[in-house]
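Structural features, examined
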Amino acid sequence: MAKLRSPHGCPWDREQDHMSLRFHAVEEVYELMDAIEAGDDHEMLEELGDLLLKVVFPCPLARERGAFDFDQVARHIVEKLIRRHPHVFGESEAKTVDAVWAQWEQIKKAEKHGTKHARPSALDGIPKHLPALLRAEKLVRKARKAKLLNSTPAASKPRSAAVLAKQLFDLTAFAQQKGWSAEELLRTETKRREQALRKREQTSGKRL
């Protein structure tokens, strides 16, 4: 990458910045998912390399402006893994998956406390650019863990996975027929629900 970014390197690589690269990483993740679901080891090998490049590429850009380099990125994740696994590298007694997750969240919250990345709300930490359905799922999961949301939606009929899948597809088709984007509709509704959940969390702590 240093050679590619050098004055005698590649014109395309030299003109990239963090903003121009950000969506390339997302694309590579989806291509890796395709390879995994296909059970294709050759494609996995290639796509993992492509994804690694998307980790490597921003590092010389950051080094050029004196921010960080690849070695710092690697050390940071190693230190984080050790710090967040005290049941392996320390004296913690977490023995179950649930206990490990609870411990992880506690450690993460403590790490960020008092910084600009602090997460005072149980609903913090959901990436803004997740696809709408994934974002809604994460919001629901966090809200339920914080006891801000009922276990089951009110007035809902039991549905099988197959029936629900069909309904989701039919709703998407209906939205498109009406000239609406199901993605944008769900994103807007999730944002509205998140605001309501945050308000409930700040005031009474009662379940919605």
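Cut-offs used in this document
- Residues numbered from 1 in each chain as written.
- Predicted model: local features only at pLDDT ≥ 70, side-chain atom pairs only at ≥ 80, totals over all residues.
- Heavy atoms only, no water.
- Helix = DSSP H or I, 4+ residues; strand = E, 2+ residues; numbered from the N terminus.
- Buried < 20%, exposed > 50% of the residue type's maximum accessible area, 1.4 Å probe, protein only.
- Areas by Shrake-Rupley, 256 points an atom, 1.4 Å probe, with all protein chains shown as cover.
- Lys, Arg positive; Asp, Glu negative; His and termini not counted.
- Charge placed at Lys NZ, Arg CZ, Asp CG, Glu CD.
- Axes fitted to C-alpha atoms, helices over the stretch in contact; angles between N-to-C directions.
- Parallel < 35°, antiparallel > 145°, perpendicular 65-115°, else oblique.
- Left-handed = near helix turned anticlockwise from the far one by under 90°.
- Contact = heavy atoms within 4.5 Å.
- Nonpolar A, V, L, I, M, F, W, Y, C, P; charged D, E, K, R; others polar.
- Expected span 1.5 Å × (residues − 1).
- 1 Å grid on protein atoms, 1.4 Å probe; cavity = no way out; pocket = protein on both sides within 12 Å on 5 of 7 lines; lining within 4 Å.
- Points joined across faces, edges and corners; volume = space filled by probe spheres on them.

As for the overall build of the protein chain
Regarding its fold elements, the protein chain presents 11 helices and zero strands. Ordered by position from the N terminus, the helices and strands of the protein chain form the series α-α-α-α-α-α-α-α-α-α-α. Taken across its 208 residues, the protein chain has 19% of its residues classed as buried. Surface exposure of the protein chain reaches about 15600 Å², of which carbon and sulfur atoms provide 59%. A gap of 12 Å separates the mean positions of the 38 positive and 31 negative side-chain charges of the protein chain.

Here's the deal with the environment of Leu45
Within the fold, Leu45 resides in helix α4 (residues 41-56). Through-space distance from the C-alpha of Leu45 to that of Asp69 is 25 Å; in sequence the pair is 24 residues apart.

Some words on the side chain of Lys108
As for its position among the elements, Lys108 is in helix α8 (residues 97-112). Of the residues examined, Lys108 reaches a relative accessible area of 14% and is grouped as buried.

Side note on the packing of helix α9 (residues 132-145) against helix α11 (residues 182-202)
Where α9 contacts α11, the axes come no closer than 9 Å and their chain directions differ by 20 degrees. By the criterion of interaxial angle, the relationship of α9 to α11 is roughly parallel. Here the hand of the crossing between α9 and α11 comes out left-handed. Touching Ala132, Leu133, Arg135, Ala136, Leu139 and Ala143 of α9 are Glu183, Leu186, Arg187, Thr190, Arg193, Glu194 and Leu197, all from α11. Its residues placed into classes, the contact of α9 with α11 shows seven nonpolar, one polar and five charged.

Quick word on unusual backbone geometry
Positive phi values are uncommon outside glycine, yet Lys147 reaches one of about 60 degrees. Its place among the elements puts Lys147 in the loop between α9 and α10 (161-177).

Considering α10
Taking 1.5 Å per residue as the helical rise, α10 with its 17 residues ought to reach 24 Å, and the 24 Å between its terminal C-alpha atoms agrees with that figure. Gly179 occupies a position one or two residues after α10 and carries a positive phi of about 85 degrees.

Focus: the layout of surface pockets
Computed from the structure, the second largest pocket encloses a volume of approximately 640 Å³. Around the second largest pocket, the lining comprises 18 residues; the ones closest to its centre are Glu105, Lys108, Ala122, Lys142 and Lys145. Where the lining of the second largest pocket is concerned, the elements lending two or more residues are α8 and α9. Counting residues per element, the lining of the second largest pocket draws most heavily on α8, which supplies six residues.

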